[in-house]
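Examining the three-dimensional arrangement
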Amino acid sequence: MPRFTSPKGGDDVSSPHLYVANCGPAVGVSHETIASVFGMYGEVEGVYAADESGTRVIVSYHDKSSSQAAMKELNRHPCPSLGGRTLHIQYSVQSLGKVNNIASVPVSTSASDLDIPGLHLMHDFVTPQEEQELLAAVDDRPWHHLAKRRVQHYGYEFCYEIRNVNTNQYLGQLPSFMSPVLQRIRSFQALGRAADMSLDQLTVNEYPPGVGLSPHVDTHSAFEELIFSLSLAGPCIMEFRKYTTGVWQGNSTDLENQIPGKNLNFVKKAIYLPPRSLLLMSGEARYAWHHYIPHHKSVACVQVDQVNDSLIRRSARRVSFTLRKVRQGPCRCEFPQFCDSQK
C-alpha cells in the first residue's frame, strides 16, 4: 500500500493526495462511498487507510486540480452526501521511502557516457502498446520457477548449472510474438552486422522487487558476439565490471559479495535501463565486462534509485527479453584472457 506524509512547505502546498479526518469505516463510511463522494470532483485513483483508527483516510486523485476542488468544497463544511458529516482535510504527498545510494559510481543514462566499447542503449525501442502485447504473450505461456525469479526459454534452453546450452535439444523457432522485435533489430542501420545475424535463442526473465542478477560474462563458447536485452514493465540499474587481472567467470556469488577496491583490481560503471529500452552488448562490452543487477536485501526500505538528480521509483515487476545466437564452434574472440574456449 502507498505511504503518505505531510508536504514540505506546510498546508499551502497542494498535491493530488488528500488526508481526510472524521471519515472511514469506523464511523460507518466505506472506502467505496468515499470514492463516490470525492469522485464528483475528479478521477479518484484510490482510497487508503491513513492509519489503524478507521476514522482517517487518504484520497488520491489523478491530478492536483481535482484535489483542490474537493478541498475547497468539502474541507470543514458539512457534507450532505455523508449524512452532514464535517470533514477535516489536509494535503498529503506520497512517500518514496528510502533512496538507494549504494552505487559507488555515477549512474549514466547513455551508453556513450560509459565509454565501454561495444555497448549501445536504444531508448523506446518498442512502443507502450507493443510492450503490453509482449508481456501479455509471455504471461499466457508457462513460466519456469527458479529460486528468486521466473524464466522462459525459446529456441534453446539455457542451463544455469553449466551456463551454456545443449545444442542437441532444439526447442523450435522463436515465437511469432517476437517477429516485430527481430525485424526492427534487422532493420536498425546503426547495428550494422546485426542484420546478418539470425538470433535463435531467447530467455525471458521476470524480476520481482529486490531481485537482481549475479555478476557474469555470458559464456563465450555458448553464444556469438551480439547480445540484446529488452527491458519491459520496469526500470533497473545495470552495473559493469572489468577485471584488469583477466578474471574469467569464476564463482558469481563470490564476485557479488566482494567489496569494491578490496583485494581486487577492476573498473566499475553503471547505466540506467528504462522500460522499453534495448541494450546491445558486443565486442569488448560482451566479452570482457561482467554485467549484473545488484540485489537489494531490504525491499521495503529501498524503493527508489537515484539517477543523477532524479529519483526513479522501482516497479513491482521487471521483465527482460535476452536475445542471442547460439555458437556452433569454439570462440575465437580477441579477449583470450576472458574466454573459456581459449583459457
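Residues numbered from 1 in each chain as written. Predicted model: local features only at pLDDT ≥ 70, side-chain atom pairs only at ≥ 80, totals over all residues. Heavy atoms only, no water.

**With respect to helix α1 (residues 31-38)**
Along α1, the positions that sit buried rather than exposed are I34, V37 and F38. Seen from one end, α1 has its buried residues packed into an arc of 90°, which puts them on one side. Summarising the geometry of α1, the exposed residues directed more than 90 degrees from the buried face are E32 and S36. (Buried < 20%, exposed > 50% of the residue type's maximum accessible area, 1.4 Å probe, protein only. Helix = DSSP H or I, 4+ residues; strand = E, 2+ residues; numbered from the N terminus. Arc of directions from axis to C-beta.)

**A look at the confidence of the model for the protein**
Here the protein averages 84 in pLDDT, while 82% of its residues score no lower than 70. Across residues 248-263 the pLDDT falls below 50, and counting only partners more than four positions away or on other chains, this stretch makes 31 contacts in the model. Scored below 50 in pLDDT, residues 298-302 shows nine contacts in the model against residues more than four places distant or in partner chains. (pLDDT = per-residue confidence, 0-100. Contact = heavy atoms within 4.5 Å.)

**With respect to the nonpolar core**
By size, the foremost hydrophobic cluster in this structure holds 28 residues, and its most contacted members are L134, M178, V181, L230, F321 and L323. Of all elements in the fold, only α4 (128-139), α5 (179-187), β15 (201-207), β17 (227-232), β20 (278-281) and β24 (318-324) reach the threshold of two or more residues within this core. For this core, the leading source of residues is α4, giving four residues. Not counting chain neighbours up to four residues away, the residues in contact with L230 comprise F125, V126, L134, V181, R276, S277, L278, V319, S320 and F321. The next biggest cluster of nonpolar side chains, apart from the first, holds 26 residues, and it includes I116, Y207, M238 and I293. (Core = buried A, V, L, I, M, F, W, Y, C linked by side-chain atoms within 4.5 Å.)

**Details of unusual backbone geometry**
Within the chain, D124 stands out as a residue other than glycine whose phi angle is a positive 50°. Among the secondary structure elements, D124 is positioned in the loop between β10 (119-122) and α4. D124 gets classed as exposed once you look at its relative accessible area, which sits at 55%. Even without a glycine there, the phi angle at A233 is positive, about 75°. With respect to the helices, strands and loops of the structure, A233 is situated in the loop between β17 and β18 (236-243). On the basis of relative accessible area, A233 is assigned to the partly exposed category, the value being 28%.

**A word on the sheet that holds β20**
Two orientations exist for strands paired in a sheet by backbone hydrogen bonds: parallel and antiparallel. Strand order in the open sheet formed by seven strands is β10-β20-β17-β24-β15-β12-β11, with antiparallel pairing between adjacent strands. Lying at the two open borders of the sheet, with one neighbouring strand each, are β10 and β11 (144-145). For β15 and β24, the ladder comprises seven bridges, and the chain directions are antiparallel. Its bridge partner being in β24, Q201 is matched across the sheet by R324. Set on the sheet, α4 makes contact with β12 (150-154), β15, β17 and β24; between it and β17 the angle comes to about 100°. Contacts between α5 and the sheet are confined to β17, β20 and β24, with β24 contributing the most and set at about 55° to the helix. (Pairing = 2+ DSSP bridges. Axes fitted to C-alpha atoms, helices over the stretch in contact; angles between N-to-C directions.)

**Considerations on the pattern of salt bridges**
A complete count under the given rule lists 11 salt bridges for this structure. Of the charged contacts, one joins D200 and K325 as a salt bridge, the two residues approaching to 3.4 Å between their closest N and O atoms. In this pair, D200 sits in the loop between α5 and β15 while K325 sits in the segment after β24, placing the two residues 125 residues apart along the sequence. Residue E239 pairs with K268 through a salt bridge whose shortest N-O separation is 3.3 Å. Pair noted here: E239 is in strand β18 and K268 is in strand β19 (residues 266-273), with a separation of 29 residues, a long-range link. (Salt bridge = Lys/Arg side-chain N within 4 Å of Asp/Glu carboxyl O.)

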